[in-house]
Amino acid sequence: MFNKTLKQKIMERTKIKIGLFGFGCVGKGLYDVLHQTPGLKAEIVKICVKDRAKKRSIPDEFFTFDRSEVLNHPDINIIVELIDDSEAAFEIVSTALKSGKGVVSANKKMIAEHFDELLALQKLHNAPLLYEAASCASIPIIRNLEEYYDNDLLQNLSGIVNGSTNYILTKIFRDNLNFADSLKMAQELGFAESNPALDVEGFDAKFKLTILLAHAFGIVARPENLINLGIQKIGDLESRFAREKAYKIKLIARAQKVGNKIAAFVMPQFVSRENNFYHINDEYNAVQTECFFADKQLFTGKGAGSHPTASAVLSDLSALTYDYRYEYKKLQQNAGYELTRDFKVEVFVRFSDEVNVPAVDFDEISERYSSQKQNYVIGKIHFETLINSDWYKNPAVSVVLAENPIV
Ligand code: HSE
């Protein structure tokens, strides 16, 4: 009986006719992946691109420069949006949803910045928007947060959610390369954003955290209200400190319960060998959940790159054929979680002689060091004091969190 129903369902699967926006790293990856997945009845009908001069690897007939040709094409039933410009992406995605089409997007910036509007559009037009590729590329974290973490009480979600910065940190700490060369390699491999500052300064990770917050805790946050520190200021002294202690530094996005509120931020952090994140290298990402009953679980997979990202788009396309849509269960449950900045963190702060990092800002200082115009202090500080301080944003100050940062 079960087999018959399942078979019937598969037989009934609609043929997907895709209108694709963008033919960059992920768009090309999707083209390849679709051609190697005969099981999914899907075909790309038309591709809208911007650059008229660019030579492309597939026949010209596929391409158009006119958005409306794709959006209004009578055969196209699903729009896949894989472009760089987040505002243009929002226009495309909202137009498609308004016409009742299913949409798949990998645009984390666009989704994070327009979460509320996208929720409303999906509801109003009864049209699904899926975006597994927008957070940690190949790791199926959004669907798991939606479907699996429905009841067990999620306490903490933390992760390496940006492939480029993890690749750079791996090159620095494992392979002894410098920052500039490692970034160049991440760009050449197609991991980095076209504006790599988004990766390096922690914005991309913050957009992903914004999306995860909604699916994990039902919080729709404005990205600008979440703090992100990147890896751009990590210098010799903290790298040496890490090596001496057999630590690595990783860029970690975190959403952690503090009382009945949620602390959420992206910051570099020391990790020891015992920490799961220590072992996540190159462009791999990982998300660790900590639940009341299940305890720790770790998801890992490639977090950037053409085919890994396209694999998540493919999975969303397949999900649309069985009418899957996000129910936004945590938002429906109305748990009423709010973000908080009322907690303390343990930090390592490196600063040059020109900067005043006043001891009074700290609740407790456990270690101080000064040598050749470089200083560091390790201590506990209220999060609000840290982010409102005069010194924390100074280019000559680098802040790295302790392994268990919230104290
Ligand atoms: N630039 C992103 C990263 C691409 O490095 O993680 C995948 O979202």
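Read on for a plain summary of the structure. The structure displayed is predicted, hence computed values, not measured ones.

Helix and strand content of the protein: 15 helices and 16 strands. A compact globule built from 407 residues should have a C-alpha radius of gyration of about 22 Å, and the protein, at 22 Å, falls within 12% of that. Along the first, second and third principal axes, the C-alpha atoms of the protein reach 70 × 50 × 35 Å. Counting only residues that meet the buried cut, the protein has 57% of its 407 residues in that class. Across the protein, every contact between residues at least 6 apart in sequence was considered, and the portion connecting residues at least 24 apart equals 72%. When the accessible surface of the protein is summed, it comes to about 18400 Å², and 48% of that surface belongs to carbon and sulfur atoms. The average position of the 49 basic charges and that of the 53 acidic charges among the side chains of the protein differ by 4 Å.

Lys108, Asn162, Gly163, Ser164, Phe191, Ala192, Glu193, Asp199, Asp204, Lys208, Gly303 and Ala304 make up every residue found near the ligand. One of the backbone N or O atoms of glycine 163 is found 2.7 Å from an oxygen atom in the ligand. A distance of 2.7 Å is found between a nitrogen atom of the ligand and a backbone nitrogen or oxygen belonging to phenylalanine 191. Contact with the protein chains covers 93% of the free accessible surface of the ligand, which is 260 Å².

Empty space within the largest pocket amounts to approximately 1300 Å³. If you trace the largest pocket, you find 50 residues lining it, with Leu82, Ile83, Asp84, Asp85 and Ser194 closest to the centre. Looking at the lining of the largest pocket, the elements that each hand over two or more residues are helix H2 (25–35), helix H4 (86–98), helix H5 (108–113), helix H8 (163–173), helix H10 (197–200) and helix H11 (203–217). Classifying every residue of the lining of the largest pocket gives 20 nonpolar, 15 polar and 15 charged.

Let us look at the packing of H4 against helix H6 (residues 115–125). Relative placement of two packed helices is described by the angle separating their axes and the distance separating the axes. Taken N-terminus to C-terminus, the directions of H4 and H6 make an angle of 20°; their axes are 9 Å apart at the nearest point. Between H4 and H6, the crossing angle belongs to the class labelled roughly parallel. Considering how the two elements wind past one another, H4 and H6 form a crossing that is left-handed. Between H4 and H6, the residues in contact are Phe90, Val93, Ser94, Leu97 and Lys98 and Glu117, Leu118, Leu121, Gln122 and His125, respectively. Among the residues making up the contact of H4 with H6, the classes are represented as 5 nonpolar, 3 polar and 2 charged.

Right, let's get into the packing of aromatic side chains. Enumeration according to the criterion identifies 24 aromatic pairs in this entry. The interplanar angle of 40° and the centroid separation of 5.7 Å between the aromatic rings of tyrosine 247 and phenylalanine 270 together place this pair among those described as tilted. Of this pair, tyrosine 247 sits in the loop between helix H12 (236–244) and strand S9 (248–258) while phenylalanine 270 sits in strand S10 (residues 261–271), and the two are 23 residues apart along the sequence. Taking the relative accessible area as the measure of exposure, tyrosine 247 reaches 26% and is therefore partly exposed. Classification of phenylalanine 270 as buried rests on a relative accessible area of 4%. Counting every residue linked through ring pairs, the aromatic cluster contains Phe241, Tyr247, Phe270, Phe348, Tyr369 and Tyr376. The cationic tip of lysine 248 hangs over the ring face of tyrosine 278; the distance from NZ or CZ to the ring centre is 4.2 Å.

For the rest of this paragraph, the subject is H11. End to end, H11 covers 20 Å across 15 residues, agreeing with the expected 21 Å (1.5 Å per residue, within 8%). Most of H11 is tucked away: 14 of the 15 residues are buried. Immediately downstream of H11, the backbone of glycine 218 shows phi near 75°, a positive value.

This next bit is on the nonpolar core. Counting residues in each nonpolar core, the largest one holds 105 residues, and the members touching the most others are Val80, Tyr131 and Leu317. It is H11 that contributes the most residues to this core, 9 residues altogether. Contact partners of valine 80, with chain neighbours within four places excluded, come to Ile18, Gly19, Leu20, Phe21, Leu30, Val104, Val313 and Leu317.

Calculation criteria
- Along each chain, residue indices are assigned from 1 in the same order as the chain's sequence is written.
- Residues qualify for local features only when their pLDDT is at least 70, as the model is predicted, and side-chain atom pairs are given and counted only at 80 or more; totals for whole chains, interfaces and linings, by contrast, use all residues.
- Side-chain measures here rest on the full set of heavy atoms in the structure, leaving out hydrogens and waters.
- Secondary structure counts use DSSP, requiring at least four H or I residues in a row for a helix and at least two E residues in a row for a strand, with both numbered from the N terminus.
- Our radius of gyration looks at C-alpha atoms and nothing else; its globule reference is 2.2 Å times the residue count to the power 0.38.
- With a 1.4 Å probe rolled over the protein chains alone, any residue whose accessible area is under 20% of its type maximum counts as buried; one over 50% counts as exposed, and the rest are partly exposed.
- By the convention used here, residues are in contact when the closest approach between their heavy atoms is within 4.5 Å.
- To be clear on the numbers: accessible area is Shrake-Rupley with a 1.4 Å probe, and residue cover counts the displayed protein chains and nothing else.
- Positive charges come from Lys and Arg, negative ones from Asp and Glu, while His and the chain ends are left out of the count.
- Each charge is placed at NZ for Lys, CZ for Arg, CG for Asp and CD for Glu.
- The nearness test applies per residue and asks whether one of its heavy atoms lies within 4 Å of the molecule or strand.
- Polar contacts, as used here, are pairs of N or O atoms within 3.5 Å; protein pairs need one atom able to donate a hydrogen and one able to accept it. Residues neighboring in sequence count only if both atoms are side-chain atoms.
- Whether a set of points on the 1 Å grid over the protein atoms alone is a cavity depends on a 1.4 Å probe fitting there but being unable to get out, while an open set qualifies as a pocket with protein on both sides within 12 Å along at least five of seven lines; lining residues are those with an atom within 4 Å of a point.
- Grid points are joined across faces, edges and corners, and a volume is the space filled by probe spheres set on the points.
- Asp, Glu, Lys and Arg are counted as charged, while Ala, Val, Leu, Ile, Met, Phe, Trp, Tyr, Cys and Pro are counted as nonpolar; the rest, among them Gly, fall into the polar class.
- The axes are straight lines fitted to the C-alpha atoms, using for helices just the contacting stretch, and the angles between their N-to-C directions are given from 0 to 180°.
- Here the word oblique covers every angle except those under 35 degrees (roughly parallel), over 145 (roughly antiparallel) and from 65 to 115 (roughly perpendicular).
- By convention the crossing between two helices is left-handed if the near helix lies anticlockwise of the far one by an angle smaller than a right angle, and right-handed if it lies clockwise.
- Paired rings are identified among Phe, Tyr and Trp, the last through its six-membered ring, by centres lying within 6.5 Å, and are further divided according to the angle between planes into stacked (under 30 degrees), edge-to-face (over 60) and tilted (the rest).
- Either the NZ atom of lysine or the CZ atom of arginine qualifies as a charge over a ring when it sits within 6 Å of the ring centre and within 35 degrees of the ring normal.
- What a helix should span is 1.5 Å times the count of its residues minus one.
- Buried Ala, Val, Leu, Ile, Met, Phe, Trp, Tyr and Cys residues form a nonpolar core when they are joined through side-chain atoms within 4.5 Å.

Shape is all these values report; function is a separate question.
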